[in-house]
Number of protein chains: 2
Amino acid sequence: MLMNFTYEHLRQFTIDILKKIGCSDKDATIAADVLVSADLRGVDSHGVARLSGYVRLWEKGRINATPSIRVTYETPSTAVVDGDGGLGLVVAPFAMQVAIEKAKNAGTGWVSVKNSNHYGIAGYHAMMALEHDMIGISLTNASPLVSPTFSKERLLGTNPISVAIPAHEQPPFVADMATTTAANGKLEILQRKNLEAPLGWVQDPQGVPTTDANGVKKGGALLPLGGDRDHGSHKGYALGAIVDIFSAVLSGANYGPWVPPFVAFLEPDPNPVGEGLGHFFGAMRVDAFRPADEFKGHMDTWISRFRSATPVEGQEKVLIPGDPERELEAIRRKEGIPLLQPVIEDLTQLGEKLGVSFS
Amino acid sequence: MLMNFTYEHLRQFTIDILKKIGCSDKDATIAADVLVSADLRGVDSHGVARLSGYVRLWEKGRINATPSIRVTYETPSTAVVDGDGGLGLVVAPFAMQVAIEKAKNAGTGWVSVKNSNHYGIAGYHAMMALEHDMIGISLTNASPLVSPTFSKERLLGTNPISVAIPAHEQPPFVADMATTTAANGKLEILQRKNLEAPLGWVQDPQGVPTTDANGVKKGGALLPLGGDRDHGSHKGYALGAIVDIFSAVLSGANYGPWVPPFVAFLEPDPNPVGEGLGHFFGAMRVDAFRPADEFKGHMDTWISRFRSATPVEGQEKVLIPGDPERELEAIRRKEGIPLLQPVIEDLTQLGEKLGVSFS
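Keep in mind that what you see is a predicted model, and the values were worked out from it rather than measured.

Conventions adopted
Residues numbered from 1 in each chain as written. Chains lettered and ligands numbered in written order. Predicted model: local features only at pLDDT ≥ 70, side-chain atom pairs only at ≥ 80, totals over all residues. Heavy atoms only, no water. Helix = DSSP H or I, 4+ residues; strand = E, 2+ residues; numbered from the N terminus. Rg over C-alpha atoms; globule rule 2.2 N^0.38 Å. Buried < 20%, exposed > 50% of the residue type's maximum accessible area, 1.4 Å probe, protein only. Contact = heavy atoms within 4.5 Å. Areas by Shrake-Rupley, 256 points an atom, 1.4 Å probe, with all protein chains shown as cover. Least-squares fit on C-alpha atoms with pLDDT ≥ 70 in both. Phe/Tyr/Trp six-rings, centres within 6.5 Å; stacked < 30°, edge-to-face > 60°. Lys NZ or Arg CZ within 6 Å of the ring centre and 35° of its normal. Patch = residues over 30% accessible without salt bridge, like charges linked within 9 Å, V, L, I, M, F, W, Y side chains within 5 Å. Salt bridge = Lys/Arg side-chain N within 4 Å of Asp/Glu carboxyl O. Core = buried A, V, L, I, M, F, W, Y, C linked by side-chain atoms within 4.5 Å. Buried area = accessible area lost by both parts, 1.4 Å probe. Pairing = 2+ DSSP bridges. Expected span 1.5 Å × (residues − 1). pLDDT = per-residue confidence, 0-100.

A.B. asks: Can you help me understand the overall build of chain A in this one?
C.D. replies: Summing up its helical and strand segments, chain A has 10 helices and 12 strands in all. At 20 Å, chain A has a C-alpha radius of gyration in line with the 21 Å of a compact globule built from 359 residues. If one aligns the C-alpha atoms of chain A with their principal axes, the spans along those axes are about 55 × 50 × 45 Å. When the 359 residues of chain A are sorted by exposure, 62% land in the buried category. The long-range share in chain A, meaning contacts at least 24 apart out of those at least 6 apart in sequence, stands at 65%. With the model as given, the accessible surface of chain A reaches about 13,300 Å², and the carbon-plus-sulfur share is 52%.

A.B. asks: What am I meant to see in the relation of the copies chain A and chain B here?
C.D. replies: For the pair of chain copies, the relating transformation is a rotation about an axis with a translation along it. Of the two same-sequence chains, chain A is brought onto chain B (RMSD 0.0 Å, axial shift 0.0 Å) by a rotation of 180 degrees. Here the symmetry operator amounts to a two-fold rotation axis. Of the C-alpha atoms belonging to chain A, the one lying closest to the rotation axis is found on A:Gly226, 2.4 Å away. Same-surface contact between copies: 99% of interface residues of chain A are shared with the interface of chain B.

A.B. asks: Looking at this structure, I do not really get the packing of aromatic side chains. What am I missing?
C.D. replies: Aromatic ring pairs are reported here in terms of the distance separating the ring centres and the angle at which the planes meet. Residue and element names in this part refer to chain B. Summed over all chains, the structure comprises 23 aromatic pairs over all chains. The ring of Phe-262 carries Arg-50 above its face, with NZ or CZ at 4.6 Å from the centroid. The cationic tip of Arg-333 hangs over the ring face of Tyr-7; the distance from NZ or CZ to the ring centre is 5.1 Å.

A.B. asks: What's the story with a nonpolar patch on the surface in this structure? I'm lost.
C.D. replies: Residues and elements named next belong to chain A. Side chains of Val-263, Phe-265 and Leu-266 sit close together on the surface and give an oily, nonpolar patch of about 300 Å² of accessible area. The residue Phe-265 is located in the loop between α7 (233-249) and β11 (277-285) in this model. Taking the relative accessible area as the measure of exposure, Phe-265 reaches 68% and is therefore exposed.

A.B. asks: Looking at this structure, how should I read the nonpolar core?
C.D. replies: Most often, soluble globular proteins keep nonpolar side chains buried together rather than apart. Counting 106 residues, the largest nonpolar core has A:Phe173, A:Phe246, A:Trp302, B:Phe173, B:Phe246 and B:Trp302 as its most contacted members. Other than its neighbours up to four places away in sequence, A:Trp302 contacts A:Phe173, A:Ile320, B:Leu156, B:Tyr237, B:Ala241, B:Asp244, B:Ile245, B:Val249 and B:Tyr255.

A.B. asks: Explain the interface of chain A and chain B here, please?
C.D. replies: Quite often, the size of an interface is put as the accessible area lost when its parts meet. Contacts between the two partners involve 92 residues from chain A, matched on the other side by 91 residues from chain B. Counting the surface lost from both chain A and chain B, the interface buries some 7,200 Å², and carbon and sulfur atoms represent 69% of this. It is A:Phe150, A:Lys235 and A:Phe289 in chain A that bury the most area against chain B; as a group they hold 11% of the surface buried on that side. There are 2 salt bridges connecting chain A and chain B. Between B:Glu153 and A:Arg305 there is a salt bridge, with the nearest N and O atoms lying 2.6 Å from each other.

A.B. asks: Before we go on, may I ask you to explain the environment of B:Cys23 in this structure?
C.D. replies: Residues and elements named next belong to chain B. Examined against the element boundaries, Cys-23 turns out to sit in the loop between α1 (7-20) and α2 (25-40). The class of Cys-23 is buried, set by a relative accessible area of 7%. Along the sequence, Cys-23 and Val-318 sit 295 residues apart, while their C-alpha atoms lie 43 Å from each other. Those residues within four positions of Cys-23 in sequence are excluded, and the remaining contacts are Leu-18, Ala-28, Ala-65 and Leu-87.

A.B. asks: Can you help me understand the sheet that holds strand β8 (residues 202-203) of chain B in this one?
C.D. replies: Hydrogen bonds along the backbone pair up the strands of a sheet, which may run parallel or antiparallel. Residue and element names in this part refer to chain B. Pairing is antiparallel in the open sheet, where 3 strands are placed in the order β9-β8-β10. Each edge of the open sheet is held by one strand with a lone partner, namely β9 (209-210) and β10 (221-222). Summarising the sheet, β8 and β9 pair through 2 bridges and their orientation is antiparallel. The residue bridging Val-202 from the neighbouring strand is Thr-210, located in β9.

A.B. asks: Honestly, the side chain of B:Thr158 in this entry has me stumped. Any pointers?
C.D. replies: Residues and elements named next belong to chain B. Along the chain, the position of Thr-158 falls in the loop between β5 (134-140) and β6 (161-165). The exposure class assigned to Thr-158 is buried, which follows from its relative accessible area of 18%. Apart from the residues lying within four places of it in its own chain, the contact partners of Thr-158 are Ala-142, Val-146, Ala-178, Thr-179, Thr-180 and Leu-222.

A.B. asks: Before we go on, may I ask you to explain α7(A) in this structure?
C.D. replies: For an α-helix the count is 3.6 residues per turn, leaving residues at separations of three or four pointing the same way. An ideal rise of 1.5 Å per residue puts 24 Å on 17 residues; α7(A) measures up with 23 Å between its terminal C-alpha atoms. Burial analysis of α7(A) places 16 of its 17 residues in the buried class, the great majority of the element.

A.B. asks: What's the story with the confidence of the model for chain A in this structure? I'm lost.
C.D. replies: Averaged over all residues, the pLDDT of chain A is 97; the fraction at 70 or higher stands at 100%. Reported confidence for the predicted complex is 0.98 by ipTM and 0.98 by pTM.

If you want it as structure tokens, here you go:
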């Protein structure tokens, strides 16, 4: 039930759709680059499968297609960006660029963002730093689907952390991970195959661990990285909390259970504690610490040593963060991006509604 | 088999011992404050139980009791500190202070440290930022005891992450966690009680998960947070790797398997890739983003909301990172710090050797 589409096709379709809802050429192009990079890198849940979700939020008046994104406060190494309700896919690259410019002058740059929306994959924004010989950091909060350790209530999003670090001969180190045991996209795969989830991924509405892959839809919650207290879920909870606070309490966005839902059929809290959702970006010039060549040479040594570690039986090799996504991107650039039939139908209908042909 | 000692008693004994090995009054006092704060906060594995370990490293010439700690490179928001082989317990507060001073001017300060040693609990250093209305961050690499996902070899330390965030009426948010499922100290408790470890904490020398609480001593390894691939151990591995790279590849310290062992009977690698072990510190002025009162008011809201979440059955309440340590500190300041008989004997012998009475 899979059909392959070229990267260029999906990117152009996304641009055309976003222009139809009023985005400028430039914004539509930036947003499409971010969105479709998820499909390229294998994070299918965050790519074109979400395009109609963004459009539905725009229809509800919850996304501003022509935002005036601006820096509202700054110091030599920090800034706050107001996204003016724009697509996170556009607000985030703007804010990351501010962090990069700050780092050029001050050594590092740190930007907290309010009044934004979902920003695609965290890794895209962190990786923007690489070409400048900088380390990039990208965090975002998200709609509450996760229960802290011992909590029956859902209070946090899957709040991802991405860190991108340049090397020389070796490809860069790129971590990009939800602070939950498993991302929601992995549950969707199990749901489609009618399989159970491992214990430690999900709890039921009473807060009891369950193997039901539909447990979150039934009112349960995703679990923080670690899964239960004995396996360190208080650490995953703390990481998700730090992402929430850096992204939203620093900037003035909504945090915790107040983060507006991504799905258009759920209304945001009528008594918000801030504006929109929040992100946090960092850029550190490696030569603000030591000469870039030296740093990147040692990163090569680091990566080579870890990649050549003796693997456990049954495994081919030890991976470096970013390896699987990069390998998949190489394949998908050549062979195309496989989409499921329901996604193809959804995009076809979206195109019909807005007067853009998907086929 | 426990006997209680006052905080002041353990602190003074530590000061006296460190002066006997040649530390200045000032350095001995700083180091004792850091070391014994671990006992106060319940991280017994990182407190006075380690004092004789530090002395053995000094006897081997691997700790410099009179270091000339200095900034070797800097930009407005960054610095590299050379610890000159000093006690990490002294080098780390020096470096964190540099980060705080940078933040006063540039909004944030980021300091990577080389040529240091083990620095006690990560949380002590992060919490130094709180009185300045700053967010504090503290990372360190450590002797290799942890196997990356799919690796038979031990390549990383327990590489902790601490983040301390000020609030107003509420006590601060203080996360302080190893990037492994469980810290080594938790295994030691199980060893003493002759209990098994949960699966997901340890693997055996072949890389097979084991419940043997002595598995690491037998040549196995601690496992990254997550425990196995299905439960996200690649995320714990990535976090430990980021800590290693920020602490050591940025500064010029040893990283990965080259980090010198804490135990004096194991020799450091004869072909090091850097100097000593490494740390990384950050300080962010909250008013580099928004007025401090506003930020701290919202932190109160955040903390109250999470603490009042409906708990799952069988649990009293949802905890905020830092709650358990703070509650234990209040008790131990009043009732004293309980030490195990072997620790008391070890400290008594140490005192006899150096001419300081422990009793």
